[in-house]
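Here's the letter readout for the chains.
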There are 2 protein chains.
Amino acid sequence: MIDVTIKDIAKKANVSYATVSRALNNKKGVRGETGRKIREIAGELNYRPNAIARGLVKKQTHSFGLIIPDITNPFFPEVARGIEDGAREAGYSIFLCNTNWEKNREIHYINLLAEKRVDGIIIAPISNKVEFLEKTLNSKIPVVYVSNAPHDTQNSYVVIDNIRGGFLATRHLIELGYNSIGFIGASNDSLTIDERLKGYKLAFKKYGMEVDESNIKLGDFKRETGYNLIKRMIEMSNYPRAVFAENDLLALGVIQGVKESGLSVPGDVAVVGFDDIPFASFPEVQLTTICQPKYEMGKKAVEIILETIEEGSGKWVCRKIILEPELIIRKSSH
Amino acid sequence: MIDVTIKDIAKKANVSYATVSRALNNKKGVRGETGRKIREIAGELNYRPNAIARGLVKKQTHSFGLIIPDITNPFFPEVARGIEDGAREAGYSIFLCNTNWEKNREIHYINLLAEKRVDGIIIAPISNKVEFLEKTLNSKIPVVYVSNAPHDTQNSYVVIDNIRGGFLATRHLIELGYNSIGFIGASNDSLTIDERLKGYKLAFKKYGMEVDESNIKLGDFKRETGYNLIKRMIEMSNYPRAVFAENDLLALGVIQGVKESGLSVPGDVAVVGFDDIPFASFPEVQLTTICQPKYEMGKKAVEIILETIEEGSGKWVCRKIILEPELIIRKSSH
DNA sequence: GTTTGCAATGCAAACGTTTACAATCTAAGC
DNA sequence: GCTTAGATTGTAAACGTTTGCATTGCAAAC
C-alpha cells in the first residue's frame, strides 16, 4: 500500500511502464482499450503520480514561492488570496514564506526556494536593498515584485504608485485646511516609505508649504508603533493636528494613541492611512485611507509569473505595472 | 550558468561525485583538505543542491501542506504564523492552501499535496465530513488537525475546547441577566459550530432556561453574514437583547448591523464573539470574546507533525490536545 | 503477396541526488 | 618490509518519472 508507482501498474496491466506514463498523461500513441485498462488499474491501486520524480525530469515543479513580510497585516493575506487563486487556477502551488520583517529571513527563504526549484518567486520585499536577491536569482528564476519594488530592477513588478498615494493623502489633509501634518511610517530603508514620504513632501511643495522634519516619525510597520509614535508626537508643544500614517495598521495605532491621550479623531487629530484593509471600512473605525487593489495586485503578479514561465528561458519577460491609488474619505478626517 | 550540479563540482575537483555529496553533507569519511576544496569550488560555482532530486531518493521533501479555509479571517494568519515559525526553525517549508470554504477545493488540495509528497499536512477542516481526507491519506501522510477536528479521528489534533468556549460565552451573557440570547453562526456541517452551539445549549440547560430555536440563525463565516443575520433577527418582534456570534468576524458584522438599525452595543444588544482576533481588542471595537491561543496552536501543530515524521513509519503518533478557551470581557457586553 | 506507412508499444537513458558496497590508500603494529 | 585495520574514495544502483528512438503489428496500397 505504500507508494504505488507506475511500474506496479505496468506489471498488472502487462505493458511497459512507458505506456502507462503515456496513458496516464493522455498522450497520443496508446490504444483506447489499453489506456482504459491502465487508468482503471491506476484507479484501483489508488495511484498518485509522484510530482517529485516528475519535477526532476521535467525540470519544473509547478510551484512557486511567495515571500511576504507579515501575514498578520491584513494587507498581505488579501494579496496572498489573489495569488493563491491565480496559482490554483493554473495548477500551481505556493510556498508561503513569512519574513517577519527580518532581512536575513528573507535571504534564507530565497535560498530555500531556489533549492526547492520553484518555477518562480513573488516577493513583497522588505527593503529596497535587494542586491542579494537579484544576484542570486537573476536569470535563473523568474521574479515578480509585488506591492513595492526597487525602481532600477530588471524584473517585473506590479505595484501601486506610492508617491501618488502619499500625495493624495497629504493633499487631502492640506485641502481640509491643516498646515501642520505629521507623518508616521516605518524605518527608511523601505522603498514603500521612501515613496510615500516623497508624495507627502511633494504635496507640501505643491502648496508652497514647508516640511517640518520634526513632524516625521519613523519606526516599523506595527500597530503598536503607530500608537507609541503618536503619543510621543502629542507630547510636543505644537503637535500636528493631522497625521498621515504609512499604512492602516499604523493609522489604527495612531487613532488609539490619540483617543487614549484624551483627544478625539478627527476633532483634535485627523488621521489618514494607507492600504484600505477590510477593517478600515468598519463602522467603528471609518478610517480615511488610500485604497490599494490588493486582490487584483496578487492576481496580476501571478499572471506575470505564469507568462514568464510559459515564455520559456527564451526572452526575458519584463512587465512593469503601476496601479493607481484611490483616496477613500471616511470619518477619521473631514 | 544554468543549474550547476554535483557532477560539475566533481569534475572540477577531480573526485567522484559521491565524494562531493559526502563533503557537502558533512558526512564522515572525507579528508579535511578534500572537503575544503570541494566546498570552495561549490561556492565559486554558486552551487545549490537540488531539493527535488534529493527528495526523490530520500523520500522526504522537508515540506508540508497547510490547508485553511480563509486566509482573510485574521484568526488563520495568526495560526499560520505559528506554523510557519515552527516549520522554519525545523527546516521545513509550507505549502499554503486556501480553500475559501469550498469542500471540493479542500479535496483538490489534499490530492495535490499527496502528489507533491509533502511530509505532513496540517489542516483546519471546513466541515466534519472528512472521510475523503482520512481515506486518502490515512497511514500514508501524517495529518494534524488544527482549530477543530472530527472527534472520532485516528489522527492527531490540537484544538480548543469549543463546547467549553460556547458555554463560557453564553454563561457570561446569562449571568449579565439576559434570558433571550441569540446565536449566530455558520452552516451546520461545521464541527466548530456544532460544538460551540452545544456549549450554548449547555449553558441554557445548566441555568434551567429554554433554548428558543428561532433565536439561532446560521449562514457562513463571513462578516457580511453576521450583518445580514442580525438585521433579520432585529426585525423579529421579540428579538434577543444579547447575541453570541460564532466568531469575531461574525460578531463585528453583528455590531455593525445593530448600529445601523439605530440600536446600540451593548445598550440594546450585547455581543460576544469567538477567537479574539487582534481587532477585537482595538479600542474602537472592544469586543467581548473567547480567546483562542492562535499562535501557540499553530506552533503545537507543527511540533506534533515533526514528532510524527521523526518517529518514522514505525508507530503511529497520536496526540490529542485540547486547549482551554478564555473569556475576555470587553465593552460589547457588560 | 509485397511493400509502405503509421499507430502502438517497448527499451533505455536521463533528471540530480544519496548510499551500499567495493576498492584503494595510509599509517601503525609487528 | 609486510600485514592489517581504518580512513578515504570510487562505482553503480536506486528513487519514479518522461521521452527519444527502436521495434513491432497491422491495414491499406500496390
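You'll find the structure just up there.
Note that the coordinates shown come from a computational prediction; the quantities given were computed from them, not determined experimentally.

Reading the values: rules and limits
- Residues numbered from 1 in each chain as written.
- Chains lettered and ligands numbered in written order.
- Predicted model: local features only at pLDDT ≥ 70, side-chain atom pairs only at ≥ 80, totals over all residues.
- Heavy atoms only, no water.
- Helix = DSSP H or I, 4+ residues; strand = E, 2+ residues; numbered from the N terminus.
- Rg over C-alpha atoms; globule rule 2.2 N^0.38 Å.
- Buried < 20%, exposed > 50% of the residue type's maximum accessible area, 1.4 Å probe, protein only.
- Contact = heavy atoms within 4.5 Å.
- Pairing = 2+ DSSP bridges.
- Axes fitted to C-alpha atoms, helices over the stretch in contact; angles between N-to-C directions.
- Phe/Tyr/Trp six-rings, centres within 6.5 Å; stacked < 30°, edge-to-face > 60°.
- Lys NZ or Arg CZ within 6 Å of the ring centre and 35° of its normal.
- Near = heavy atom within 4 Å.
- Polar contact = N/O pair within 3.5 Å; in protein donor to acceptor, adjacent residues only side chain to side chain.
- Nonpolar A, V, L, I, M, F, W, Y, C, P; charged D, E, K, R; others polar.
- Buried area = accessible area lost by both parts, 1.4 Å probe.
- Salt bridge = Lys/Arg side-chain N within 4 Å of Asp/Glu carboxyl O.
- Least-squares fit on C-alpha atoms with pLDDT ≥ 70 in both.
- Right-handed = clockwise from strand over helix to strand, strands pointing away.

Focus: the overall build of chain A
Okay, step 1: Within chain A one finds 12 helices and 12 strands.
Okay, step 2: For a compact globule of 334 residues, the expected C-alpha radius of gyration is about 20 Å, and chain A comes in at 25 Å, more than 25% above that figure.
Okay, step 3: Expressed as lengths along the three principal axes of its C-alpha atoms, the size of chain A is roughly 90 × 40 × 30 Å.
Okay, step 4: Every one of the 334 residues in chain A was classed for burial, and the buried ones make up 57%.
Okay, step 5: Intrachain contacts of chain A at a sequence separation of at least 6 include 69% that bridge at least 24 residues.

Some details on the side chain of His-172 of chain B
Okay, step 1: Of note, His-172 of chain B is situated in helix H8 (residues 162-175).
Okay, step 2: Here His-172 of chain B is in contact with Val-272, Thr-288, Leu-327, Ile-329 and Ser-333 of chain B, once residues within four sequence places are set aside.

Details of the sheet that holds strand S2 (residues 93-98) of chain B
Okay, step 1: An order of S11(A)-S5(A)-S4(A)-S3(A)-S1(A)-S2(A)-S2(B)-S1(B)-S3(B)-S4(B)-S5(B)-S11(B) is seen for the 12 strands of this open sheet, with the pairing classed as mixed. The sheet is open, and its two borders are formed by strand S11 (320-323) of chain A together with strand S11 (320-323) of chain B, each paired with just one other strand. Between one strand axis and the next, the sheet turns by 20° as a mean value, whatever way the strands run.
Okay, step 2: Pairing between strand S4 (residues 143-147) of chain B and strand S5 (residues 156-160) of chain B: 4 bridges, direction parallel. Each bridged residue has a counterpart across the sheet, and for Val-146 of chain B the counterpart in S5 of chain B is Val-158 of chain B.

Structural notes on the packing of aromatic side chains
Residue and element names in this part refer to chain A.
Okay, step 1: Tallying each qualifying case throughout the model produces 16 aromatic pairs over all chains.
Okay, step 2: Three or more aromatic residues link up through ring pairs in this structure, and these residues are Phe-183, Tyr-200, Phe-204, Phe-244 and Phe-274.
Okay, step 3: One residue, Arg-196, lies across the ring of Phe-274, its end atom 3.6 Å from the ring centre.

Concerning the protein's contact with DNA strand C
Okay, step 1: Close contacts around DNA strand C come from 31 residues, with Ser-16, Arg-22 and Thr-34 of chain A together with Ser-21 and Lys-27 of chain B the closest.
Okay, step 2: Each atom of DNA strand C within 4 Å of the protein belongs either to a base or to sugar and phosphate, the latter forming 67%.
Okay, step 3: The contact in question runs from a phosphate oxygen of DNA strand C to an N or O atom on the side chain of Thr-34 of chain A, over 2.7 Å.
Okay, step 4: Here a phosphate oxygen of DNA strand C and a side-chain polar atom of Lys-59 of chain A are 2.8 Å apart.
Okay, step 5: Of all elements in the fold, only helix H2 (17-24) and helix H4 (51-58) of chain A together with helix H1 (6-13), helix H2 (17-24) and helix H4 (51-58) of chain B reach the threshold of two or more residues within the surface near DNA strand C.
Okay, step 6: Tallied by class, residues from the surface near DNA strand C come to 13 nonpolar, 9 polar and 9 charged.

So, the protein's contact with DNA strand D
Okay, step 1: In the vicinity of DNA strand D, 31 residues are found, and the nearest of them are Ser-21 and Lys-27 of chain A together with Ser-16, Arg-22 and Thr-34 of chain B.
Okay, step 2: The sugar-phosphate portion of DNA strand D accounts for 63% of its atoms within 4 Å of the protein, the bases making up the rest.
Okay, step 3: Interatomic distance of 3.4 Å between a backbone N/O atom of Asn-50 of chain A and a phosphate oxygen of DNA strand D.
Okay, step 4: Elements represented by at least two residues in the surface near DNA strand D include exactly helix H1 (6-13), H2 and H4 of chain A together with H2 and H4 of chain B.
Okay, step 5: Split by residue class, the surface near DNA strand D holds 13 nonpolar, 9 polar and 9 charged.

Quick notes on the interface of chain B and chain A
Okay, step 1: Each partner contributes to the interface: chain B provides 55 residues, whereas chain A provides 55 residues.
Okay, step 2: Between chain B and chain A, roughly 5500 Å² of surface is buried when both sides are summed, and carbon and sulfur atoms account for 56% of that area.
Okay, step 3: Put simply, chain B and chain A have 8 salt bridges between them.
Okay, step 4: A salt bridge links Glu-284 of chain A to Lys-259 of chain B; its shortest N-O distance comes to 2.4 Å.
Okay, step 5: Of all the elements in the fold, those that place two or more residues in the side of chain B that touches chain A are H4, helix H5 (75-89), S2, helix H6 (103-115) and helix H11 (248-260) of chain B.
Okay, step 6: Its residues assigned to classes, the side of chain B that touches chain A shows 26 nonpolar, 13 polar and 16 charged.
Okay, step 7: Bridge analysis of strand S2 (residues 93-98) of chain A against S2 of chain B gives 3 bridges, and the strand direction is antiparallel. Bridge assignment links Leu-96 of chain A to a residue of S2 of chain B, and that residue is Ile-94 of chain B.

Some points on the relation of the copies chain B and chain A
Okay, step 1: The operation relating chain B to chain A is a screw motion whose rotation component is 180°, with 0.0 Å of axial translation and a residual RMSD of 0.0 Å. Taken together, the rotation angle and the small translation identify this as a two-fold axis. Scanning chain B for the C-alpha nearest the rotation axis identifies Phe-95 of chain B, at a separation of 2.3 Å.
Okay, step 2: Taken together, the interface assignments show that 100% of the residues at the interface of chain B recur at the interface of chain A, consistent with an identical surface on both copies.

Some points on the sheet that holds strand S6 (residues 181-186) of chain A
Pairing between the strands of a sheet is mediated by backbone hydrogen bonds and can be parallel or antiparallel.
Residues and elements named next belong to chain A.
Okay, step 1: Across the sheet, 6 strands lie side by side as S7-S6-S8-S9-S10-S12; this open sheet has mixed pairing. Across the chains shown, the open sheet's two edge strands, defined by having one partner strand only, are strand S7 (216-219) and strand S12 (326-328). Along the sheet, successive strands turn relative to each other by an average axial angle of 20°, direction set aside.
Okay, step 2: Against the sheet, helix H10 (residues 223-234) touches S6, S7 and strand S8 (242-245), its axis set at about 145° to S6.
Okay, step 3: On the sheet, helix H11 (residues 248-260) packs against S6, S8, strand S9 (270-275) and strand S10 (288-291) and is oriented at approximately 160° with respect to S9.

Quick notes on the side chain of Ser-93 of chain B
Okay, step 1: Assignment of secondary structure puts Ser-93 of chain B in strand S2.
Okay, step 2: Overall, Ser-93 of chain B belongs to the buried group, its relative accessible area being 8%.
Okay, step 3: Beyond its immediate sequence surroundings of up to four residues, Ser-93 of chain B is in contact with Phe-95, Leu-112 and Lys-116 of chain A together with His-62, Ser-63 and Phe-64 of chain B.

So, the pairing of strand S1 (residues 63-68) of chain A
Residues and elements named next belong to chain A.
Okay, step 1: With 6 of 6 residues buried, S1 lies mostly within the body of the structure.
Okay, step 2: As paired elements, S1 and S2 share 6 bridges and run parallel to each other. The residue of S2 that forms the bridge with Ser-63 is Ser-93.
Okay, step 3: Taken together, S1, helix H5 (residues 75-89) and S2 constitute a β-α-β crossover, and its handedness is right-handed.
Okay, step 4: With 4 bridges joining them, S1 and strand S3 (residues 120-123) adopt parallel strand pairing. Within the sheet, the bridge partner assigned to Phe-64 lies in S3 and is Gly-120.

Quick look at the pattern of salt bridges
Okay, step 1: Going through the model one piece at a time under the given rule, you end up with 28 salt bridges over all chains.
Okay, step 2: In this structure, Glu-84 of chain A engages Arg-105 of chain B in a salt bridge whose closest nitrogen and oxygen atoms are separated by 3.1 Å. One end of the pair, Glu-84 of chain A, is in helix H5; the other, Arg-105 of chain B, is in helix H6, on a second chain.
Okay, step 3: Owing to a relative accessible area of 2%, Glu-84 of chain A belongs among the buried residues under this scheme.
Okay, step 4: You can call Arg-105 of chain B buried: its relative accessible area is 5%.
Okay, step 5: The residue Arg-105 of chain B makes a salt bridge to Asp-85 of chain A at a minimum N-O spacing of 2.7 Å. Within this pair, whereas Arg-105 of chain B is found in helix H6, its partner Asp-85 of chain A is found in helix H5, the two belonging to separate chains. Assigned by exposure class, Arg-105 of chain B and Asp-85 of chain A land together as buried.

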